[in-house]
Amino acid sequence: MRPMFSTKAGTLAALQGTLRSARIAPLCVFTVQQWRESPTQCLAWIGAQAGQGPWIVRSSCLQEDSQTASNAGAYLSVPQVTAATLAASINQVIASYGQPQAADEVLVQPMLQAVLRSGVAFSHDPNTQAPYRVVNWSEGSDTAQVTGGAGGRMFVQAAQSPVAPPPELAPVLGLVDELLSLLEGAPLDCEFAVTRDGADEQLWLLQARPLVLAQAPETDAQQAERLARIQQQVQRGMQPHPFLMGQRTVYGVMPDWNPAEIVGIRPKPLALSLYRELVTDSIWAYQRHNYGYRNLRSFPLMPHFYGLPYVDVRLSFNSFIPADLDDALAGRLVDHYINRLLAEPKLHDKVEFEIVFSCYTLDLPQRLERLAEAGFSAAERETIANSLRQLTNRIVHPQDGLWRSDAAKLDTLKARREALMASNADPLERIHWLLEDGKRYGTLPFAGLARAGFVAVQMLKSLVAVGVFSPADYEAFIASVSTVSGQLAHDQATLHKDDFLARYGHLRPGTYDILSPRYDEQPELYFDWSQRPAAPRASTPFSVTLPQMREVVKMLQAHGLQPDPVGLFDFLQAGIELRELAKFHFTRNLSDAIKLMVQVGEPLGFSRDDLAFCDISAFKELHMGAADPREVLGRSIAQGRERYAQTLKVSLPPLIARPDDVWSFEMPETAPNFITQGQVTAEVATCTDRSKLAGAIVCIPNADPGFDWLFAYPIAGLITAWGGANSHMAIRAGELGLPAVIGAGEVMYKHWAGSRRVHMDCAGRRVEMIN
């Protein structure tokens, strides 16, 4: 008779004697009724069937491990129970049932000794519903660490993966496969532990239960066919290219124009196509070339794998090579950068700060010393430094700096937008020109000003590195910067609602997402107009001391940098401020275009949800040609829905280092960016419940500027899943002196966001869950 899922104890009993890939510890099972009628008899059974202790007393309630709900963690288990505490522990477990039924069970087993690792394994990914084997485990003797929500490591492997798993996890995956076979392929999850058995290891099954999925999973073969195509695409991209430096590439979700932060890991088709149109297909390369880097025009930066966007890191690294550097030296630099990232994947969201040399700074000669360890000669390092010096001087020049001409384009963008919106142009015409101007006068200068902002932050950090500034000086300078976000907080406290929305109403938390309401579309969603917040304190101007000024003069002259100290600090401030201003202006064009798309689609019967699956090319086609708009949009939406259904079934690592990573990978640890040196302990809240924001550490998925409305509330701290050290929210948190963890990574973000209370110590670079 084939085993069937029943209660926790019943399933284990059915598997005992049948399971070959793991052992099941002796079981002693009795019902609540049996315990109430004869506790002495039950205690005798425990001694006879489960040894003399220590034991673990486990719940086996009829309300858990069902086909419709697992109720995982809802009921109590008590470990390390001795004879003296056995009866009380059983009563504790029964009490956790609330109103126990007579047939509810209690399971008692010997406590495993010499545990090496333990965790949970899934036959299907609960997030994608796809047949990925997911193992979440921790090393050490605590068998409740993972199930208790304390994190641990995570390994993901496709059902038909041709890649061998890590040796220590191979038995666990074999256990999952055997359970699937015994339980007729029903999706499941199981808890396991591995103990030391002499010189060997022994795998134990602690629990097996049905995995409740929202929909029927696809077959293993369907998944394998899709992943094989992704692997082929990755393999093709990793070959040498005649027009690129570097022997191979890596794909990442966070380097450079970090799609994970801007549009998310699985953006819907409209958001993805808009981001490609406005930035990553061509604008990104035009800006880099304009600023003196290598010419990468005609190279799209962001391929996607069934809708999951990634940055081609070789392309990105090529684009940070000064154009006047010879090919041989450029190629070695790109290979060195890629090898460094492969050696330290935690740096994938910090490549410009920790890996790439893309501008000249006051500490560059010292930082270039690490190239000596990679075989670069002193003459080659000097050549690189001279090239970067010349490039940086072009950017920061006090009169002719490239950032000044980019800043002037923002006025053109605003004037053209106002003229367009005041004209009689129809919605399709307006959409076309809002996006075209959004590129030429919006994202192109924004990309330049973002580069200037990065150079400014790098230069500022180098002042700390060479001892001119202290870390406190750095924080004081950042806090003195006046940004759009700071002005927003001030205006929300002082302006009338209508005036505030006229100025900021175009902002939305998902800049490219049509499903994310604008501030002026649902203002009550973001702001409590009945309780006007106090106006924030004016920022304190930053003052450079005379000794610091003298030292800066010496250093600028010694390093051959063109600006005088006044020009340098003017650039440092403007570089950070103008980046945010440029983003504010180009996102108005984008937001207005998205609003017009709704006006086009809704009369044709297409909702916002429908339009989220449309590709921007459909609107371009309607602008350029005579066609049935319902047919054009409907076809694009149908194709988008079909493609996105497949997007939701794909799971890939944040960094794809080799084609085999498509099939199996361990979710990497990340090195979050800690902002300020402050610390705070507070309740955790998400942005969906405004009533819980005050005094809370708020968790948001990415560092999108549309979340600026959060700063209208007195939040205590901020955690984001994605975001870089120079992201919008990092700058905003620094400006406010707000303790923040930017770019926690998918794994740690889920654990921290799911906690009731956390302690953040930014100076100590740690986050502690307090439940």
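Provided above is the structure to which this section pertains.
Just so we're clear, the structure is a prediction, and the values are computed from it rather than from any experiment.

Cut-offs and rules
Along each chain, residue indices are assigned from 1 in the same order as the chain's sequence is written. Whole-chain, interface and lining totals are the exception, using all residues; otherwise, since this is a predicted model, local features are given only for residues with pLDDT of at least 70 and side-chain atom pairs are given and counted only at 80 or more. Only heavy atoms go into the side-chain values, all of them from the structure, while hydrogens and water stay out. Only DSSP runs of H or I with at least four residues qualify as helices, and only runs of E with at least two residues qualify as strands; both kinds are numbered from the N terminus onward. Partly exposed describes any residue whose relative accessible area lies between the buried limit of under 20% and the exposed limit of over 50%, with all areas from a 1.4 Å probe on protein chains only and scaled to the type maximum. The charge count includes Lys and Arg as positive and Asp and Glu as negative, but it does not include His or the ends of the chains. Take a side-chain nitrogen of Lys or Arg and a carboxyl oxygen of Asp or Glu: if they are within 4 Å of each other, that pair is a salt bridge. We call two residues in contact when some of their heavy atoms are within 4.5 Å. To pair, rings of Phe, Tyr and Trp, with the six-membered ring standing in for Trp, must have centres within 6.5 Å; the planes then decide the type, stacked if under 30 degrees apart, edge-to-face if over 60, and tilted in the middle. We define a nonpolar core as any set of buried Ala, Val, Leu, Ile, Met, Phe, Trp, Tyr and Cys residues linked to one another through side-chain atoms lying within 4.5 Å. Axes here mean lines fitted to C-alpha atoms, for a helix over just the part in contact, with angles spanning 0 to 180 degrees between N-to-C directions. Angle categories are assigned with fixed cut-offs, so that under 35 degrees is roughly parallel, over 145 is roughly antiparallel, 65 to 115 is roughly perpendicular, and the rest are oblique. Under the scheme applied here, ten amino acids are nonpolar (Ala, Val, Leu, Ile, Met, Phe, Trp, Tyr, Cys and Pro), four are charged (Asp, Glu, Lys and Arg), and all others, including Gly, are polar. Note on disulfides: each one is a pair of cysteine sulfur atoms within 2.5 Å. Note on pairing: DSSP must find at least two bridges between two strands before they are called paired. Here the expected length of a helix is defined as 1.5 Å per residue gap, with one fewer gap than residues.

Novice: Please give an account of the side chain of Asp 473 that cites residues and values.
Specialist: With respect to the secondary-structure elements, Asp 473 resides in helix α18 (residues 471-480). Despite its burial, Asp 473 pairs with no opposite charge; the closest candidate is Lys 461, at 16 Å N-O. Not counting chain neighbours up to four residues away, the residues in contact with Asp 473 comprise Val 468, Phe 542 and Gln 548.

Novice: Explain the packing of aromatic side chains residue by residue, including any values.
Specialist: One pass over the full model with this rule turns up 27 aromatic pairs. Centre to centre, the rings of Phe 469 and Phe 569 are 6.0 Å apart; their planes meet at 25 degrees, and the pair counts as stacked. Remark: Phe 569 occurs in helix α23 (residues 565-601) and Phe 469 occurs in the loop between α17 (427-465) and α18; sequence separation between them is 100 residues. Each ring, one from Tyr 519 and one from Phe 527, has its centre 5.3 Å from the other, and the planes form 90 degrees; the classification is edge-to-face. When its relative accessible area of 0% is taken as the criterion, Tyr 519 is described as buried.

Novice: Talk me through the nonpolar core; I want residue IDs and the actual numbers.
Specialist: Generally speaking, a soluble globular protein has its nonpolar side chains buried in company with each other. Residues Phe 317, Tyr 512 and Leu 572 are the most contacted members of the largest nonpolar core, which totals 119 residues. Once residues lying within four places of it in the same chain are set aside, the contact partners of Leu 572 are Ala 456, Met 459, Leu 460, Leu 463 and Phe 477. In terms of nonpolar packing, the next biggest core, distinct from the first, is built from 48 residues, Val 120, Val 234, Trp 663 and Cys 762 among them.

Novice: Hey, could you go over the packing of helix α11 (residues 327-343) against helix α15 (residues 378-396) for me, with residue numbers and the actual values?
Specialist: As a packed pair, α11 and α15 sit with axes 12 Å apart at the nearest point and diverge in direction by 90 degrees. For the element pair α11 / α15, the angle class is roughly perpendicular. Mapping the contact onto sequence places Leu 329, Arg 332 and Leu 333 in α11 and Glu 380, Thr 383 and Ile 384 in α15. Class assignment for the residues of the contact of α11 with α15 results in three nonpolar, one polar and two charged.

Novice: Tell me about the state of the cysteines, and name the residues and values.
Specialist: Under the defined criterion, the tally for this structure stands at zero disulfides. Cys 28 takes part in no disulfide bond, and the closest cysteine sulfur, belonging to Cys 42, lies 7.4 Å away.

Novice: How would you sum up the sheet that holds strand β8 (residues 188-197)? Please name residues and give values.
Specialist: As summarised here, the arrangement of the six strands in space is β9-β8-β5-β6-β7-β15, forming an open sheet in which the pairing is antiparallel. If you trace the sheet from one side to the other, it starts and ends with β9 (200-210) and β15 (664-666), each paired once. For this sheet, the mean inter-axis angle between neighbouring strands, taken without regard to orientation, is 15 degrees. In the packing of helix α5 (residues 170-182) onto the sheet, the strands contacted are β5 (115-122), β6 (132-139), β7 (153-158), β8 and β9, and the crossing angle to β8 comes to about 140 degrees.

Novice: Tell me what's going on with the sheet that holds strand β22 (residues 766-769), and back it up with residues and numbers.
Specialist: Across the sheet, which stays open at both edges, the seven strands sit in the order β16-β20-β19-β18-β17-β21-β22 with mixed pairing between neighbours. Each edge of the open sheet is held by one strand with a lone partner, namely β16 (673-675) and β22. Strand after strand, the sheet turns through a mean of 30 degrees between neighbouring axes, direction not considered. Examined bridge by bridge, strand β21 (residues 757-761) and β22 share four bridges and lie antiparallel to one another.

Novice: Account for α5, naming residues and giving values.
Specialist: Here α5 contains 13 residues, and its C-alpha end-to-end distance of 18 Å stays within 8% of the 18 Å for a straight helix at 1.5 Å per residue. Among the residues of α5, Val 172, Leu 173, Leu 175, Val 176, Glu 178, Leu 179, Leu 180 and Leu 182 are the ones counted as buried. On its buried face, α5 sits against α1 (8-15), β5, β6, β7, β8 and β9. Just downstream of α5, Glu 184 is the residue with a positive phi angle, here 60 degrees.

Novice: Go over the environment of Ile 715 with me, naming the residues and quoting the values.
Specialist: Locating Ile 715 in the fold gives a position in the loop between β18 (697-700) and β19 (717-720). With a relative accessible area of 11%, Ile 715 lands in the buried category. C-alpha separation for the pair Ile 715 and Val 29, spaced 686 residues apart in sequence, amounts to 49 Å. Dropping the residues within four chain positions of it, Ile 715 is found in contact with Leu 693, Gly 695, Ala 696, Val 698, Leu 710 and Leu 738.

Novice: Can you lay out the pairing of strand β1 (residues 28-31) for me, pointing to particular residues and giving the numbers?
Specialist: The two faces of a sheet get side chains in turn, since along a regular strand they alternate between them. Residues of β1 alternate between two faces, with Cys 28 and Phe 30 buried on one and Val 29 and Thr 31 left unburied on the opposite face. Where β1 lies against strand β4 (residues 105-110), four bridges are found, and the strand directions are antiparallel. Following the sheet pairing, Cys 28 is matched in β4 by Val 108.

Novice: Outline unusual backbone geometry, supporting the account with residue identities and numerical values.
Specialist: The step from Gly 53 to Pro 54 runs through a cis peptide bond, and the omega angle for that step is 0 degrees. Unlike most non-glycine residues, Ala 114 shows phi in positive territory, near 55 degrees. Within the secondary structure, Ala 114 is located in the loop between β4 and β5. Positive phi is not limited to glycine here, since Tyr 306 has a value of about 55 degrees. Relative to the assigned elements, Tyr 306 resides in the loop between β11 (304-305) and β12 (308-309). Using a relative accessible area of 23% as the deciding quantity, one classes Tyr 306 as partly exposed.

Novice: Could you give me a rundown of the pairing of β6, with the residues and numbers involved?
Specialist: For β6, the tally of buried residues reaches seven of eight residues, placing the bulk of the element in the interior. Bridging between β5 and β6 involves six bridges; their strand directions are antiparallel. Paired with Arg 117 across the strands is Glu 139, a residue of β6. Sheet topology note: the β6/β7 ladder contains six bridges and is antiparallel. Within β7, the residue paired with Val 134 across the bridge is Val 156.

Novice: Before we move on, can you summarise the pattern of salt bridges with the specific residues and values?
Specialist: Under the criterion given, the structure shown has 39 salt bridges. For Asp 177, the salt bridge is made with Arg 133, and the minimal N-O distance between the two is 3.4 Å. In this pair, Asp 177 sits in helix α5 while Arg 133 sits in strand β6, placing the two residues 44 residues apart along the sequence. With a closest N to O distance of 3.1 Å, Glu 436 and Lys 439 form a salt bridge. One end of the pair is Glu 436 and the other is Lys 439, both in helix α17 and three residues apart, which spans about a single turn. Each of Lys 268, Asp 609, Asp 610 and Arg 641 takes part in a single network of salt bridges with overlapping partners.

Novice: With reference to specific residues and values, describe the environment of Asn 702.
Specialist: The topology assignment puts Asn 702 in the loop between β18 and β19. For Asn 702, a relative accessible area of 11% gives the class buried. Sequence separation between Asn 702 and Gly 743 is 41 residues, and the spatial gap between their C-alpha atoms is 7.7 Å. In this structure Asn 702 touches Ala 260, Glu 261, Phe 707, Thr 720 and Trp 722, once residues within four positions along its chain are discounted.

Novice: I'd like a rundown of helix α9 (residues 283-290), residues and numbers included.
Specialist: Ile 283, Trp 284, Ala 285, Gln 287 and Arg 288 are the residues of α9 that are buried. Looking one or two residues past α9, Gly 292 carries a phi angle of roughly 105 degrees, positive in sign.

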